[in-house]
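Results of the structural survey
If you want the building blocks of each chain, they are given just below.
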Amino acid sequence: MPELPEVETTVRDLQKKVLNRTFLDVWTDFPKMIKQPESFEQFKKEIKGKKIEKIWRRGKNIIFDLSGSYSLLIHQKLTGHLLIGNWELEIACPVGSRRLSFGGKWKPLKKGPLEEPVNRYIHLMFWLDKGLMLALSDLRKFAKIELLNKETLKKELSSFGPEPLGKNFTFEKFQACFKDKKGKIKQVLMDQNVIAGIGNIYSDEALWRAKIHPLKDALVLKEKELKEIYKAIQEVLKKAIELGGESISDYRNPEGKKGFFDKERRVYQREGEKCSRCATKIKRLKIAGRSAYFCPSCQKGEEDKFSSSPSLP
DNA sequence: AATCGTTCCTGATAGC
DNA sequence: TGCTATCAGGAACGAT
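Residues numbered from 1 in each chain as written. Chains lettered and ligands numbered in written order. Predicted model: local features only at pLDDT ≥ 70, side-chain atom pairs only at ≥ 80, totals over all residues. Heavy atoms only, no water.

**Focus on the packing of helix H1 (residues 4–18) against helix H8 (residues 223–242)**
To keep things clear, this is the line we draw: Axes, fitted as lines to C-alpha atoms, cover a helix only where it is in contact. Angles between the N-to-C directions of the axes lie from 0 to 180 degrees. To qualify as a helix, a DSSP run of H or I must reach at least 4 residues; to qualify as a strand, a run of E must reach at least 2; elements of each kind are numbered from the N terminus. Just so you know how the angles are binned, under 35 degrees is roughly parallel, over 145 roughly antiparallel, 65 to 115 roughly perpendicular, and the rest oblique. Handedness of a crossing is defined here by the sense of rotation of the near helix relative to the far one, left-handed for an anticlockwise turn of less than a right angle and right-handed for a clockwise turn. Any two residues whose heavy atoms approach within 4.5 Å are treated as being in contact. In this count, Pro and Cys sit with the nonpolar residues alongside Ala, Val, Leu, Ile, Met, Phe, Trp and Tyr, while Asp, Glu, Lys and Arg are called charged and the others, Gly among them, polar.
One can describe the packing of H1 onto H8 by two numbers: an axis separation of 8 Å at closest approach and a directional angle of 40°. On the basis of their axis angle, the class for H1 and H8 is oblique. For the crossing formed where H1 meets H8, the hand is right-handed. From H1, Leu4, Pro5, Glu8, Thr9 and Arg12 reach across to H8, where they touch Leu237, Ala240 and Ile241. Broken down by class, the residue content of the contact of H1 with H8 amounts to five nonpolar, one polar and two charged.

Right, here's the structure in full:
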């Protein structure tokens, strides 16, 4: 699942490899992923000949500013990957085929993890100049692409909360994010309009680091607790970027390589394992339809209210 | 106006 | 063995 650190890793890689490249052509077998403009033909017409002038990130969104008045907005959602290849692949990816070899070899279509050279999940392919290709693979087909003029883009991004690693993102600004924000802290942290870029993994990891129970009401958090969360978010996101993101699920960078955040992952998808701080078994619960992993001992909180026996007179 | 449930999609896994 | 049912997951959208 790409969240801020994975998207950042992807963006940095893209900046190195496809900045200043020009789109020559595009292919898809799933036009539905392109939300704007409405027809793929229109999309193709607009993007052909446009140069990638800037590559940046806002929350979990990747943005290519193009020559002319458009920007390309890409959201990878759960299983999207932007992958870079080269023109050898043009032969390997004839229009209409679901097969593509990133190792330069043909293989029959079959099931398999992403490490295999065959990636049958590529649903969008760009041909760039200088012999490069940029593919979007997406197992779940939830990824979203939009070609927007700069003003519409600005509007779309305007509701997002601040960047947690932004230069002037002070504690006071963080604190302000929570003003009048009802709901459990876990939910609030994942709300892109409160703070941008945090999803299921890093909300769990940050709350574990801050020793805050995910079910705790955001409104009742004391300044001291908020400070802990603020610190934890920045630390865990920075660490994850340093390590190239997490790959517990299927995230890969544009070269198809895994990230190494796994060695820092303390609670997410570790139900039943021992907490690395106190050896208590990690628990999982559902919050607003999402899994939340936490240590019931380190992260004391709401459920104690209900589980403790009432005191007798 | 906020908040809840549903939807998109497919692979993995559980249950029979 | 092979089938079907259930679930995960971000965010847009519809419903209340």
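**As for the confidence of the model for chain A**
Inclusion rule: Confidence of the predictor in every single residue is expressed as pLDDT, which spans 0 to 100.
With 86% of its residues at a pLDDT of 70 or more, chain A shows a mean pLDDT of 86. Taken as a whole, residues 90–117 scores under 50 in pLDDT and shows 57 contacts with residues more than four places along the chain or in a different chain. Ignoring residues within four places in sequence, the model shows residues 304–313, a span with pLDDT below 50, making zero contacts including any to other chains.

**Topic: the protein's contact with DNA strand C**
Condition: Distances are taken per atom, and a residue is near a molecule or strand as soon as one of its heavy atoms is within 4 Å of it. The definition of a polar contact used here is a pair of N or O atoms within 3.5 Å, where within protein one atom must be able to donate a hydrogen and the other to accept one, and adjacent residues in sequence count solely through side-chain atom pairs.
In the vicinity of DNA strand C there are 15 residues, among which His75, Arg140, Lys286, Arg290 and Ser291 approach most closely. If you look at DNA strand C and keep only atoms within 4 Å of the protein, 63% of those are sugar or phosphate atoms. A distance of 3.4 Å separates a phosphate oxygen of DNA strand C from a polar atom in the side chain of Gln192. Per-class residue counts for the surface near DNA strand C are four nonpolar, five polar and six charged.

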